[in-house]
Amino acid sequence: LLTPTIATPPVPHSALEPRGLMQALGGFIARANLSFLFPGKPSQLMPGIEADPATRFMCFTPLANAMGLPSMNVPLESNHAGLPIGTLLTGRRGDDVSLFRLAAQLENTHRS
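This write-up is about the structure you can find in this document.

Definitions and cut-offs
- Residues numbered from 1 in each chain as written.
- Predicted model: local features only at pLDDT ≥ 70, side-chain atom pairs only at ≥ 80, totals over all residues.
- Heavy atoms only, no water.
- Helix = DSSP H or I, 4+ residues; strand = E, 2+ residues; numbered from the N terminus.
- Buried < 20%, exposed > 50% of the residue type's maximum accessible area, 1.4 Å probe, protein only.
- Contact = heavy atoms within 4.5 Å.
- Areas by Shrake-Rupley, 256 points an atom, 1.4 Å probe, with all protein chains shown as cover.
- Patch = residues over 30% accessible without salt bridge, like charges linked within 9 Å, V, L, I, M, F, W, Y side chains within 5 Å.
- Salt bridge = Lys/Arg side-chain N within 4 Å of Asp/Glu carboxyl O.
- Core = buried A, V, L, I, M, F, W, Y, C linked by side-chain atoms within 4.5 Å.
- Pairing = 2+ DSSP bridges.
- Axes fitted to C-alpha atoms, helices over the stretch in contact; angles between N-to-C directions.

Points about the overall build of the protein
Phase 1 of the analysis: When you go through the protein residue by residue, the secondary structure sums to five helices and three strands.
Phase 2 of the analysis: Each helix (α) and strand (β) of the protein, taken in turn from the N terminus, gives the series β-α-α-α-α-β-β-α.
Phase 3 of the analysis: Sorting the 112 residues of the protein into buried and exposed places 22% on the buried side.
Phase 4 of the analysis: The contacts of the protein with a sequence gap of at least 6 include a subset with a gap of at least 24, amounting to 52%.
Phase 5 of the analysis: Per element, the accessible surface of the protein, about 7,900 Å² overall, is 62% carbon and sulfur.

A look at a nonpolar patch on the surface
Phase 1 of the analysis: Taken together, the side chains of Leu1, Leu63 and Met67 make up a nonpolar region of the molecular surface, amounting to roughly 320 Å² of accessible area.
Phase 2 of the analysis: With respect to the helices and strands, the residue Met67 is situated in helix H4 (residues 61-67).
Phase 3 of the analysis: Since its relative accessible area comes to 40%, Met67 is described here as partly exposed.

Here's the deal with the nonpolar core
Where a protein is soluble and globular, its nonpolar side chains tend to be buried together.
Phase 1 of the analysis: One finds Met72, Val74, Leu76, Leu89, Leu99 and Ala103 forming the largest nonpolar core, which totals six residues.
Phase 2 of the analysis: Contributing elements (two or more residues each) for this core: strand E2 (71-78) and helix H5 (96-111).
Phase 3 of the analysis: The element that contributes the greatest number of residues to this core is E2, accounting for three residues.

Focus on the sheet that holds E2
Phase 1 of the analysis: Strands sit in the order E1-E3-E2 across an open sheet of three strands; the sheet is antiparallel. The open sheet has two free edges, formed respectively by strand E1 (2-4) and E2, since each of these has just one partner strand. Between one strand axis and the next, the sheet turns by 30° as a mean value, whatever way the strands run.
Phase 2 of the analysis: Two strands pair when backbone bridges link them, and E2 and strand E3 (residues 84-90) are joined in this way by seven bridges, in the antiparallel orientation. Paired with Val74 across the strands is Thr87, a residue of E3.

Looking at the pairing of E3
Phase 1 of the analysis: By the criterion of burial, E3 is predominantly enclosed, with five of the seven residues buried.
Phase 2 of the analysis: Here three bridges tie E1 to E3, and the two strands are oriented antiparallel to one another. For Leu2, the partnering residue across the bridge sits in E3 and is Leu89.
Phase 3 of the analysis: Hairpin connection, E2 to E3: the antiparallel pair is bridged by five residues, and Gly82 has positive phi, about 85°.

Listed below in structure tokens is the structure:
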């Protein structure tokens, strides 16, 4: 499976930190030592109030993680600002070797 690694160009440091209500809720849960009651992110407690910016940013990688499939980010291009654009390669379960071979071929071709 071939997808972009992330959905948007890289964002500034701390741009994905919780803000507003989600920040307050996360702080309350941490201070009250209630994290064992809420194993997910605060944004999962009240869906629709504020979308999790990290989920919008990294929407392609969780699928491979959840399914236990090997994946590899290969930065093959750059955007107009010179920042790398990653290509996410996802392979068959247990077939990491094919991903390494494909990534090496793509990098060699890209350098030519």
